[in-house]
Amino acid sequence: MQTRLYLDPTDPTPLWSQLAQRIRELVVSGQLPPGAAVPSVRTLAQELTLNPATVAKALQALVAEGILEVRRGQGTFVAPHPPALAPQELQAQLAQAARAFAARALALGATLAQAQSALQATWDALEAARGGKA
Amino acid sequence: MTGNAIEVRSLSFSFDGKKVLEEVSLTVPQGEFAIVAGPNGAGKTTLLRCILGFYRPRKGEVLLFGRPAWRRCRMRRSSASVPPAAGTGGGEDERASGFAGARVGVRGAEPLAAGWGSASVPPATKVAYAAEACDLPLTWSLRALGRWRTLAGTLTQAEARALEEAASAAGLPLSQPLGSLSRGQRSFAQLLLALAGKPALLLLDEPTLGMDAVYRKRALEVLLAFVAENPTTVLLATQDLSLAERLGQQLFMLQQGRVVAAGPMEALKARYAVVEGSVAAELPPGAGRVLARETRLGGNQLLLELADPHTFGSWAAECGLSVRQPALAELAECLWEEKEENHA
C-alpha cells in the first residue's frame, strides 16, 4: 500500500489532504475495495513518515465523508457502500474541483481543448483501473 | 493533564556579548509536536539548551510544565562529569542527580546525552534530550547505560529491556562502547535512550544527523511509533524542511536568533500565498507584503504575506490568477534570505 500512497513534498496542498485524496483515489479506482482494511494510524505514519495526528486527520475526514468506517476494536475499513452525494453537494464539490483545475490549466497557458483532453485521459485511466479490478 | 509543556517568554541569550537569541517567545501545548526550523547558526541548539536549563538566559524566562527551567542550573554546577553512584539519596537531590552526569554550567562543556530527568519538574514528568552535540559517555555501551539508568531509578527494568530490544531491532551493537559506533549509530542510540524513559517532554536536535537513508527511516519509524502511543510533547530542531512539514503540528521559524514566523503548521502557511500567472494587475491595496517576486517564462510568480487571506483569494479569482499556498521550503527560502538582506 505504501508505494501507492506517495505524497508530494513540493505539492503545497496540506499533507493530510493529500493523503485523504490518495486514499479516496484508491477507493474510487477499486484498488481498495469496499470492506478492505485500512492500515492503522501508527503503521501509515511510519510508512509515510508523517505525524500520526496528520494521518488521523486524513482518516477522520474520510470517515466523515462516509468513504471509510471505524469498527470499534477492529480498525478502519473501506465503507461497504460509497456514499451517494446529494446532487447539489455533488455540483458544489465538482465546481470546486473544476475551479482548481481550470485555474491551474489557465496559469499553464493551456487551451480549453487541451485541458478537456487531459481530463478525458485521466478519467479513462481511472475508469479502466476500476473496471479492471471489479 | 492540560496546559503548556514549554513556555518561553522574551528569551534573550548572548555568548561573549554576541546575541544568539533575541526576544524569543514560544509556547508548546502538552502533547503537541513542535518544530524549530532555521538555517545554520539561527540559534536552534542554544534555544533548546536554554529550554533545558543548560544555559541561563540573559533575559526572559522558560517554564517547563509551568515551572521555571533554570532552577536546575544551580544543582548541576556541582555535578560530576561521570554518572553518579547508583541509587543515591532521595527527594529533590535525587531528582537533581538525574542531570548529575552532565558537565554543564561551564562554557564549552556539553551536557550528557539523552533523557535524564529534570529537577524543576516532578519526577513523573521526565524531560529527555538528544542531540548530536551531546556528550555521550563514550566508554559505556548502550546496554550498560540502560542498566545504569535503571539503577539510578530513571528506567524501570522493563524499560531497560525494551531499550535493548529496540536497539537489537535497529541493528545497534548493544555491548560495544558508544565511542566505537558510527556517528549515525550514536545518533540512533541517543534517540533510543531519550525515548526509553517515556519522557513527558522530548527535545531533539537534528536527531537523524549522520544517519544513512535506511537508518534515518528506521529512526523516524521508532520516533513516530513512540509519538503515536505516548502523549509526549516534542520539540524538534532541524533545518530539514520536508521533515519539519511531515512531523510538525506547530512551527517556529528561527532566523538570526529571532522567531520570524510561528503558529500551527497549516494556519502559518495559510498566511502566505504564491500567485502564479501573468500578474499584470496591481495588487489591491492592503493585500499584504511581497516577499519574493520571480519572473518566469510566460508569467511571473509572487510570494506574499497576506493581510487577509480570504479577501485576497476572491480578488485573485476575479483576476483569473492562480493562487496556492507555498510549500514550507519555498517559504523558508524567502524568510531566511529576506532577513539576511535586511541585516546586510
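Note: the structure precedes this text.
Residues numbered from 1 in each chain as written. Chains lettered and ligands numbered in written order. Predicted model: local features only at pLDDT ≥ 70, side-chain atom pairs only at ≥ 80, totals over all residues. Heavy atoms only, no water.

*Asks:* Lay out the interface of chain A and chain B with the relevant residues and their values.
*Replies:* With 22 residues of chain A at the interface, the matching set in chain B holds 23 residues. In total, about 1900 Å² of surface goes out of reach between chain A and chain B, with carbon and sulfur atoms giving 55% of it. Linking chain A with chain B are 2 salt bridges. No other element matches helix 2 (residues 41-48) of chain A, which puts 5 residues into the side of chain A that touches chain B. Of the residues that constitute the side of chain A that touches chain B, the class distribution is 13 nonpolar, 4 polar and 5 charged. (Contact = heavy atoms within 4.5 Å. Buried area = accessible area lost by both parts, 1.4 Å probe. Salt bridge = Lys/Arg side-chain N within 4 Å of Asp/Glu carboxyl O. Helix = DSSP H or I, 4+ residues; strand = E, 2+ residues; numbered from the N terminus. Nonpolar A, V, L, I, M, F, W, Y, C, P; charged D, E, K, R; others polar.)

*Asks:* Account for the sheet that holds strand 7 (residues 201-205) of chain B, with residues named and values stated.
*Replies:* Residue and element names in this part refer to chain B. The 6 strands lie next to each other as 6-7-8-3-9-10, forming an open sheet whose pairing is mixed. Each edge of the sheet is formed by a strand with only one pairing partner; in this case those strands are strand 6 (127-131) and strand 10 (258-264). The sheet shows a mean angle of 15° between the axes of neighbouring strands, direction not considered. In this sheet, strand 7 lies alongside strand 6 in parallel orientation, the contact comprising 5 bridges. Paired with Tyr129 across the two strands is Leu203, which belongs to strand 7. Helix 1 (residues 44-52) rests against strand 3 (33-37), strand 6, strand 7, strand 8 (233-238) and strand 9 (250-255) of the sheet, and its axis sits at about 155° to strand 7. (Pairing = 2+ DSSP bridges. Axes fitted to C-alpha atoms, helices over the stretch in contact; angles between N-to-C directions.)

*Asks:* I'd like to hear about the pattern of salt bridges, residue by residue, with values.
*Replies:* Close approach of charged atoms allows side chains of opposite charge to pair. Evaluated as defined, the whole model comprises 15 salt bridges over all chains. A salt bridge links Glu69(A) to Arg71(A); the shortest N-O distance between them is 3.2 Å. Relative accessible area serves as the criterion here: at 26%, Glu69(A) is assigned to the partly exposed category. Among the residues examined, Arg71(A) registers a relative accessible area of 28% and is labelled partly exposed. Ionic pairing is found between Glu305(B) and Arg289(B), a salt bridge with its closest N-O pair at 2.6 Å. Within this pair, whereas Glu305(B) is found in strand 13 (residues 299-306), its partner Arg289(B) is found in strand 12 (residues 288-296), the two being separated by 16 residues in sequence. Ionic contacts of the salt-bridge type, sharing partners, join the residues Glu7(B), Arg9(B) and Glu61(B) into one network. (Buried < 20%, exposed > 50% of the residue type's maximum accessible area, 1.4 Å probe, protein only.)

*Asks:* Just give me the short version of the sheet that holds strand 2 (residues 68-71) of chain A, but keep the residues and values in it.
*Replies:* All names here are of chain A. Ordered by their spatial adjacency, 3 strands build an open sheet running 1-3-2, and the pairing between neighbours is antiparallel. What marks the edges here is a single partner per strand, and that holds for strand 1 (37-38) and strand 2. Pairing of strand 1 with strand 3 (residues 75-78), which is carried by 2 bridges, proceeds in the antiparallel orientation. Looking at the pairing, Ala37 lines up with Phe77 of strand 3. Packed onto the sheet, helix 3 (residues 52-65) meets strand 1 and strand 2 and runs at close to 105° relative to strand 2.

*Asks:* Got a sec to walk through the packing of aromatic side chains? Specific residues and values, please.
*Replies:* Residues and elements named next belong to chain B. Taken as a whole and assessed by the stated rule, the structure comprises 4 aromatic pairs over all chains. Aromatic pair Phe13 and Phe15: ring centres 5.2 Å apart, planes at 90°, arrangement edge-to-face. The exposure class of Phe13 is buried, given its relative accessible area of 7%. On the accessibility criterion, Phe15 (26% relative accessible area) is partly exposed. Here Phe15 and Tyr55 contribute two aromatic rings whose centre-to-centre distance is 5.5 Å and whose plane-to-plane angle is 80°, an arrangement assigned as edge-to-face. Here Phe15 is found in strand 1 (residues 4-15), whereas its partner Tyr55 is found in the loop between helix 1 and strand 4 (59-64), with 40 residues between them in sequence. Three or more aromatic residues joined by ring pairs make a cluster, and in this case those are Phe13, Phe15 and Tyr55. (Phe/Tyr/Trp six-rings, centres within 6.5 Å; stacked < 30°, edge-to-face > 60°.)

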